Amino acid sequence: MDKDILGKIEIQQGDITQLDVDAIVNAANTKLLGGGGVDGAIHRAAGSKLLEECRAVGGCPTGEARITKGYNLRARHVIHTVGPVYSGKPKDSQLLTNCYLNSLKLAVDNNLATIAFPAISCGVYGYPIEDACKIAVDMSYEFLKRNPSLKKIIFVQFSPKDYAVYEAYFKSTSPS
Ligand code: AR6
């Protein structure tokens, strides 16, 4: 993989709600009315206005994405996407790819330069982190090649174990 493109991809361990970026991505559900995991954390940190705007948006099908403001977050926007519930069938990877692609497209369409992703579908929805990590990084790399206006994609892992998976994959793709 190309060094300059890889330089626009960063991995971090921590809480995505604390990031100062143009948009953080929320691993939501189709109702877009909040939930547990990272969805709950984002809504708590953003405040009730976020839920109000999500209500007006009126839901989001699996694999698609919707954008709202960030309200009390340091991030200016939240991009809500709905990952697949892992079933082990080929359609899972297509839907997860669509989550990353549609979120990135929304960022570029809204002139955003920095975006941070959690590990979509890798919590309650049960997607294996090793497979999801490859999809996330490969998709983002291809997207960055075609969209120079996007300056930074950050993958934020909550657990050290998930971070280690990203770190290992990143190392395996980097030129030595
Ligand atoms: N910052 C970064 N990552 C986080 C944070 C955080 N603050 N909190 C959790 N994670 P999940 P899903 C990680 O379950 O699997 C919700 O109820 C977590 O460790 O949040 O897509 C929605 O409403 C995991 O790696 O999302 C849906 O109903 C990753 O975020 C459903 O869960 C995703 O875990 C979506 O399930």
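Note that the structure is predicted; figures quoted are calculated from it, not measured.

Quick word on the packing of helix α4 (residues 90-109) against helix α5 (residues 129-146)
1) Next: Interaxial distance between α4 and α5 falls to 10 Å at its minimum, and their mutual angle equals 35°. In terms of crossing hand, the pair formed by α4 and α5 is right-handed. Between α4, through S93, L96, T97, Y100, L101, L104, K105 and V108, and α5, the contact on the second element is made entirely by A132, I135, A136, M139, S140 and F143.
2) Next: Considering only residue class, the contact of α4 with α5 consists of 10 nonpolar, three polar and one charged.

A look at the site of the ligand
1) Next: D15, N29, G36, D39 and S121 are the nearest of the 21 residues found near the ligand.
2) Next: Contact between the ligand and V38: an oxygen atom at 2.8 Å from a main-chain N or O atom of the residue.
3) Next: Interatomic distance of 3.5 Å between a backbone N/O atom of C122 and an oxygen atom of the ligand.
4) Next: Contact with the protein chains removes 89% of the 710 Å² of surface that the ligand exposes when unbound.
5) Next: It is helix α2 (residues 37-46) that contributes the most residues to the shell around the ligand, four residues altogether.

A word on unusual backbone geometry
1) Next: One non-glycine residue with positive phi stands out, namely Y71, at about 50°.
2) Next: Within the fold, Y71 resides in the loop between β3 (65-69) and β4 (77-82).
3) Next: Exposure remark for Y71: the relative accessible area of 29% places this residue in the partly exposed category.

About the cut-offs
- Residues numbered from 1 in each chain as written.
- Predicted model: local features only at pLDDT ≥ 70, side-chain atom pairs only at ≥ 80, totals over all residues.
- Heavy atoms only, no water.
- Axes fitted to C-alpha atoms, helices over the stretch in contact; angles between N-to-C directions.
- Helix = DSSP H or I, 4+ residues; strand = E, 2+ residues; numbered from the N terminus.
- Left-handed = near helix turned anticlockwise from the far one by under 90°.
- Contact = heavy atoms within 4.5 Å.
- Nonpolar A, V, L, I, M, F, W, Y, C, P; charged D, E, K, R; others polar.
- Near = heavy atom within 4 Å.
- Polar contact = N/O pair within 3.5 Å; in protein donor to acceptor, adjacent residues only side chain to side chain.
- Areas by Shrake-Rupley, 256 points an atom, 1.4 Å probe, with all protein chains shown as cover.
- Buried < 20%, exposed > 50% of the residue type's maximum accessible area, 1.4 Å probe, protein only.

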